[in-house]
Amino acid sequence: MQIRTSQKQMSESFWTITFLTLSGGFQDAYTYFSRGKVFANAQTGNMVLMAANVIEGNISGFLRYLFPVLAFSLGIVCAACIKNRVKTISLHWRQSVMLVELVLLLITPFIQLDYLANSLVSFACAMQLQSFRKVHGYPFASTMCIGNLRSGLDCLVSSFETNDPAKRHRAFQYFRIILTFIIGAGLGKWACDGFGRFAIWGSVLLLLFSWVLMFLDPTPSIPLEEE
């Protein structure tokens, strides 16, 4: 097993991407089923529900969906700042982002207010989305499915028109990521039923596997382009 130098980390293994995507689905299930039916990743859904609460004159409901949207936006900004400013010998900037994400998710179960808990998870999700964005040089998302579904179907249609096996393989990669996300969401629902607020630690465990694999990568099969 080859130990990788994190300063030159240019790729992620298949298993790293798998654990990241499982965690993304897990987080959405957690905030929805254990924290008041708010999405951690699907901010479009939060915006729709936010607008619905405005029309109904429900200010409390409006704020419940507004806070995760704002936190998600701040998470994107924070990850971008870490990328541009954090330069360490022992950690790649993506590993630094993941450490912040791990800490936030670890403390989430101890927060009683769903507003704040959902905001922390959304902030962490946004950092992950901003930091891990490409597979084989093509865009992907480990925390949501709509872009992956569009890209996968686009590659599939194009593969039939051009008879290009590489595009069919690329489509398969997208569909595999989507299936992994769905499995993560299912695991999240199962954990929420059994562990309530502390279920989010399942996502922490998945992220921890990813973080370790960023040091020990025996099969760098899914390269992520440096940005």
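Before reading further, recall that the structure is shown in the block above.
Residues numbered from 1 in each chain as written. Predicted model: local features only at pLDDT ≥ 70, side-chain atom pairs only at ≥ 80, totals over all residues. Heavy atoms only, no water.

*Asks:* Please clarify how a nonpolar patch on the surface should be interpreted in this entry.
*Replies:* A surface patch of nonpolar side chains, about 850 Å² in accessible area, is lined by Val103, Leu106, Ile107, Phe110, Trp190, Phe195, Phe198 and Trp201. Secondary-structure elements contributing two or more residues to the nonpolar patch are α4 (93-107) and α7 (165-195). With three residues, the single largest contributor to the nonpolar patch is α4. Among the structural elements, phenylalanine 198 can be located in the loop between α7 and α8 (201-213). (Patch = residues over 30% accessible without salt bridge, like charges linked within 9 Å, V, L, I, M, F, W, Y side chains within 5 Å. Areas by Shrake-Rupley, 256 points an atom, 1.4 Å probe, with all protein chains shown as cover. Salt bridge = Lys/Arg side-chain N within 4 Å of Asp/Glu carboxyl O. Helix = DSSP H or I, 4+ residues; strand = E, 2+ residues; numbered from the N terminus.)

*Asks:* Is there a simple way to think about the environment of arginine 64 in this case?
*Replies:* Here arginine 64 shows up in helix α3 (residues 59-85). When the C-alpha positions of arginine 64 and serine 119 are compared, they lie 9.4 Å apart, and in sequence the two are 55 residues distant. Not counting chain neighbours up to four residues away, the residues in contact with arginine 64 comprise Gly36, Val38 and Tyr115. (Contact = heavy atoms within 4.5 Å.)

*Asks:* Any chance you could explain the side chain of serine 122 here in plain terms?
*Replies:* Relative to the helices and strands, serine 122 resides in helix α5 (residues 114-131). Owing to a relative accessible area of 0%, serine 122 belongs among the buried residues under this scheme. Beyond its immediate sequence surroundings of up to four residues, serine 122 is in contact with Phe39, Ala40, Gln43, Pro68, Ala71 and Phe72. (Buried < 20%, exposed > 50% of the residue type's maximum accessible area, 1.4 Å probe, protein only.)

*Asks:* Looking at this structure, how should I read the nonpolar core?
*Replies:* Counting residues in each nonpolar core, the largest one holds 38 residues, and the members touching the most others are Leu20, Tyr30, Val97, Met98, Leu105, Val121 and Met127. Of all elements in the fold, only α1 (14-34), α3, α4, α5, α7 and α8 reach the threshold of two or more residues within this core. In terms of residues, this core owes the most to one element, α5, which gives nine residues. (Core = buried A, V, L, I, M, F, W, Y, C linked by side-chain atoms within 4.5 Å.)

*Asks:* Can you help me understand helix α2 (residues 43-55) in this one?
*Replies:* Compared with an ideal rise of 1.5 Å per residue, which puts 13 residues at 18 Å, α2 spans 18 Å between its outermost C-alpha atoms and is within 8% of the ideal. Every buried residue belonging to α2 is among Gln43, Asn46, Met50 and Asn53, and all of these are buried. Projected onto a plane normal to the axis of α2, the buried residues spread over an arc of 75° and lie on a single side. Projecting away from the buried face of α2 at angles above 90 degrees are the exposed residues Thr44, Val48 and Ile55. (Expected span 1.5 Å × (residues − 1). Arc of directions from axis to C-beta.)

*Asks:* Is there a simple way to explain the packing of α4 against α5 in this structure?
*Replies:* Packed helices, taken two at a time, are described by their axes: the angle between them and the distance between them. Look at α4 against α5: their axes get within 9 Å of each other, and the N-to-C directions meet at 165°. Comparing the axis directions of α4 and α5 gives the class roughly antiparallel. As for how α4 packs across α5, the hand of that crossing is left-handed. Contact with α4, carried on its side by Trp93, Arg94, Val97, Val100, Glu101, Leu104, Leu105 and Ile107, involves Leu120, Val121, Phe123, Ala124, Met127, Gln128 and Ser131 of α5 and no other residues of that element. (Axes fitted to C-alpha atoms, helices over the stretch in contact; angles between N-to-C directions. Parallel < 35°, antiparallel > 145°, perpendicular 65-115°, else oblique. Left-handed = near helix turned anticlockwise from the far one by under 90°.)

*Asks:* Looking at this structure, how should I read the packing of aromatic side chains?
*Replies:* When we look at a pair of aromatic rings, we describe it by the centre distance and by the angle of the planes. Scanning all chains against the criterion turns up eight aromatic pairs. Between tyrosine 32 and phenylalanine 39, the ring centres sit 5.2 Å apart and the planes meet at 25°, which makes this aromatic pair stacked. You can call tyrosine 32 partly exposed: its relative accessible area is 27%. With centroids separated by 5.9 Å and ring planes inclined at 55°, the aromatic side chains of phenylalanine 110 and tryptophan 201 adopt a geometry described as tilted. Of this pair, phenylalanine 110 sits in the loop between α4 and α5 while tryptophan 201 sits in helix α8; the two residues are 91 residues apart in sequence, bridging distant segments of the chain. For phenylalanine 110, a relative accessible area of 54% gives the class exposed. Tryptophan 201 sits in the partly exposed class, given a relative accessible area of 35%. Over the aromatic face of phenylalanine 33 sits the side chain of lysine 189, whose NZ or CZ is 5.2 Å from the ring centroid. (Phe/Tyr/Trp six-rings, centres within 6.5 Å; stacked < 30°, edge-to-face > 60°. Lys NZ or Arg CZ within 6 Å of the ring centre and 35° of its normal.)

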